[in-house]
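The residues making up each chain are set out below.
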Amino acid sequence: MDTETIANETSAKIAALNDAARSNAANYMATRGIMSLDEVTIGDIFVAVQDFRKFTEDNDPYGEHDFGSFTTSGNKVFWKIDYYTQDLSSGCDPLDPKCRRIITIMLAEEY
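For this particular structure, what's the right way to read the pairing of strand β3 (residues 75-84)?
Walk down a regular strand and you will see the side chains alternate between the two sheet faces. Sheet analysis places strand β2 (residues 67-72) next to β3, joined by six bridges and oriented antiparallel. Note that in β3 the partner of T71 across the bridge is K76.

Structure (structure tokens):
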């Protein structure tokens, strides 16, 4: 098996875990800018993160589904997945079964 095949398989495994993590809002951390919006818009943003499927070579060059951007209600929104140990004290390998994924959702202007 060549290194490209291994990299593609690894990216596909990470992408599947990231997609599953996005389906659970308990993994979400929203910035002050997001939380300052009205409740309907916040709900729309959370649903858009859960449903995001517009991955391209430009926004997902490694195929890991760990970043997305979209516009809703006139707000440009970014979301990003980071990988931590269970106690959030340090980073973690995204394939470690104990890895905790945190999805940070922010307004693009907060980046």
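Which parts of the structure should I look at to understand the environment of C92?
Of note, C92 is situated in the loop between β3 and β4 (100-107). Among the residues examined, C92 registers a relative accessible area of 17% and is labelled buried. Residues C92 and D82, spaced ten residues apart in sequence, show a C-alpha to C-alpha distance of 8.8 Å. In this view, C92 contacts Y83, Y84, T85 and C99; residues no more than four positions away in its chain are not counted.

It is not clear to me how the environment of N24 should be interpreted in this structure. Could you clarify?
Secondary-structure assignment places N24 in the loop between α1 (3-22) and β1 (28-30). As a C-alpha pair, N24 and S89 span 65 residues in sequence and 21 Å in three-dimensional space. In this structure the side chain of N24 is engaged in a polar contact, spanning 2.9 Å, whose partner is the backbone nitrogen of A26.

How should I be thinking about helix α3 (residues 39-51) in this particular structure?
Residues lying three or four places apart along an α-helix face the same way, a consequence of the helix completing one turn every 3.6 residues. Here α3 spans 18 Å end to end across 13 residues, near enough to the 18 Å set by a 1.5 Å rise per residue. All of the buried residues in α3 are T41, I42, I45 and V49. All buried residues of α3 fall inside an arc of 100° around its axis, so they share one side. Exposed residues lying more than 90 degrees from the buried face of α3 are E39, V40 and D51. Where α3 begins, the capping side chain belongs to D38, and its oxygen is found 3.2 Å from the backbone nitrogen of V40.

Conventions we followed
- Residues numbered from 1 in each chain as written.
- Predicted model: local features only at pLDDT ≥ 70, side-chain atom pairs only at ≥ 80, totals over all residues.
- Heavy atoms only, no water.
- Pairing = 2+ DSSP bridges.
- Helix = DSSP H or I, 4+ residues; strand = E, 2+ residues; numbered from the N terminus.
- Buried < 20%, exposed > 50% of the residue type's maximum accessible area, 1.4 Å probe, protein only.
- Contact = heavy atoms within 4.5 Å.
- Polar contact = N/O pair within 3.5 Å; in protein donor to acceptor, adjacent residues only side chain to side chain.
- Expected span 1.5 Å × (residues − 1).
- Arc of directions from axis to C-beta.

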